[in-house]
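Chains, contacts and geometry: an overview
The chain contents come next:
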Amino acid sequence: MYKRNRPSWIAQTMKEESLSFRKRFGQNFLIDDNALDRIVDSLELEEGSNVLEIGPGLGALTERLVDRDINLIAVEIDRDLASILERDFKEENFQLIVEDVLKLELSQLPEPLIVLGNLPYYITSAIIMLFLESDLEIEHLVFMMQKEVADRLLAEPGSKDYGILSLITQLYGRVEKLFDVGKNCFMPAPKVESTVVRIRPRNEEVDPRTIEIIKAAFSLRRKTLLNSLATSFEKEEIRLALEKSKISPSIRAENLSLEDFLRISSNWPSPL
Ligand code: SAM
């Protein structure tokens with residue numbers, strides 16, 4: 001029934017419009033029906049849901065969404081792809097914004113919002129942070145990304161993937177792996193494997209000091225926590241905070257959990 005993920009349709013459309021896949025925009029189109037259906041199922045759509053799709057491309061996900069009883073907004077940077085979408089999707093519940101998602105005026109978006117995208121891999125982390133740090137009321141984010149980035153988001157203390165991205169994402173939301181998607185599910189096939197991840201934001205205030213502490217703690221990954229934190233803070237205040245939190249100054253940041261960082265932050269002696 002759906003056609004926009006068929007390799008023959010994609011090839012023909014690109015040829016008719018004299019287009020080529022733009023590497024710089026991370027254009028690897030999803031062609032696998034099963035993966036597309038599973039992404040849509042994982043959105044937990046309800047009648048009237050507000051949905052933002054990042055990077056609709058040729059519309060493989062869009063065509064599965066636009067016939068639902070939802071309010072769908074898509075943001076696409078590539079003007080050529082956008083004109084194909086504008087030509088083909090005239091539904092009243094669909095709005096296309098031709099823009100770099102990182103420059104999007106977020107206050108124009110409806111709330112609460114469900115955000116999804118087979119993300120352009122070159123700006124995955126920036127997109128995740130944009131939405132997690134925003135004031136928007138977000139129900140959840142369902143993003144397809146490079147498997148290595150998903151591993152970092154999901155990483156636990158002590159693992160090689162654990163770091164600033166894991167901690168800051170987990171600080172803002174609960175991260176869940178949904179499923180892996182192989183290279184052959186895309187056209188053209190990327191060099192890397194992909195994973196679909198769901199993030200449910202906690203929608204709570206985050207203390208900027210916690211973020212500053214996490215960033216400083218990982219600034220010298222191989223050094224002790226005391227030395228890393230000393231790149232941004234006074235040694236005396238670090239010692240006080242760690243002592244109160246019952247955390248050894250000689251531990252390494254990669255062995256501390258999110259709860260440990262929250263404790264250090266709440267025991268910090270001076271305001272930012
Ligand atoms: N959703 C389509 C699919 O699943 O087949 C296309 C996914 S493709 C991996 C990424 C899409 O994001 C492309 O259409 C690309 O042009 C678009 N894109 C890249 N950078 C963008 C940006 N900064 N803002 C908005 N869209 C962007």
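Residues numbered from 1 in each chain as written. Predicted model: local features only at pLDDT ≥ 70, side-chain atom pairs only at ≥ 80, totals over all residues. Heavy atoms only, no water.

Examining the overall build of the chain
Convention followed: Numbering of helices and strands runs from the N terminus; a helix is a DSSP stretch of H or I covering at least four residues, while a strand is a stretch of E covering at least two. The cut-offs for exposure are 20% and 50% of the maximum accessible area for each residue type, with area from a 1.4 Å probe on protein chains only; residues under the lower value are buried, those over the upper are exposed, and the others partly exposed. By definition, residues are in contact when any of their heavy atoms lie within 4.5 Å. All accessible areas in this document rest on Shrake-Rupley with a 1.4 Å probe, and a residue is counted as covered only by the protein chains that are shown. Here Asp and Glu are counted as negative and Lys and Arg as positive; His is not counted, and neither are the chain ends. Working definition for charges: the position is that of NZ of Lys, CZ of Arg, CG of Asp or CD of Glu.
Along the chain, the regular secondary structure elements total eleven helices and nine strands. Along the longest, intermediate and shortest principal axes, the C-alpha atoms of the chain span 65 × 35 × 30 Å. Here the chain holds 272 residues, and 52% of them are scored as buried. In the chain, the share of contacts with a sequence separation of at least 24, taken over all contacts with a separation of at least 6, comes to 66%. Accessible area for the chain stands at about 13,200 Å²; split by element, carbon and sulfur atoms hold 46% of it. In the chain, the 35 positive side-chain charges and the 46 negative ones have mean positions that sit 8 Å from each other.

A word on the pattern of salt bridges
Operational definition: By definition here, a salt bridge exists when the distance from a side-chain nitrogen of Lys or Arg to a carboxyl oxygen of Asp or Glu is within 4 Å.
In total, this model carries 19 salt bridges according to the counting rule given. Here Arg198 and Glu44 are joined by a salt bridge, their closest N and O atoms 3.4 Å apart. Here Arg198, found in strand β9 (residues 194–201), pairs with Glu44, found in the loop between α2 (33–41) and β2 (50–54); they are 154 residues apart in sequence, far enough to count as distant. Glu44 gets classed as partly exposed once you look at its relative accessible area, which sits at 38%. In the salt-bridge network here, residues are joined through shared partners; they are Arg4, Glu17, Arg87 and Asp88.

Details of helix α6 (residues 147–154)
Applicable threshold: Each direction from the helix axis to a C-beta atom contributes to the arc, which is the arc of those directions.
Within α6, burial applies to Val149, Ala150 and Leu153. Projected down its long axis, α6 carries its buried residues within an arc of 100°, all on one side. Elements in contact with the buried residues of α6: α5 (124–133), β6 (138–146), α7 (164–172), β7 (173–181) and β9.

Some remarks on the site of the ligand
Counted only if it meets this: Nearness is judged by heavy atoms alone; a residue qualifies as near a molecule or strand once a single heavy atom is within 4 Å of it. The definition of a polar contact used here is a pair of N or O atoms within 3.5 Å, where within protein one atom must be able to donate a hydrogen and the other to accept one, and adjacent residues in sequence count solely through side-chain atom pairs. Within this scheme a cavity is a closed region of a 1 Å grid, computed over the protein atoms alone, that accommodates a 1.4 Å probe without allowing it to escape, whereas a pocket is open but has protein on both sides within 12 Å along at least five of seven lines; lining residues each have an atom within 4 Å of a point. Molecule-in-pocket calls rest on the fraction of atoms, with more than half required to lie within 2 Å of the cavity or pocket grid points. Residue polarity is assigned by list, with Asp, Glu, Lys and Arg as charged and Ala, Val, Leu, Ile, Met, Phe, Trp, Tyr, Cys and Pro as nonpolar; anything else, Gly included, falls into the polar class.
Taken together, 23 residues surround the ligand, and among them Leu30, Gly55, Glu76, Asp100 and Asn118 come closest. Note that a nitrogen atom of the ligand is positioned 2.8 Å from one of the backbone N or O atoms of Gly55. Here the ligand occupies the largest cavity. Sorting the residues of the shell around the ligand by element identifies β1 (29–30) and β3 (71–76) as the ones contributing at least two each. For the shell around the ligand, the class distribution of residues is twelve nonpolar, six polar and five charged.

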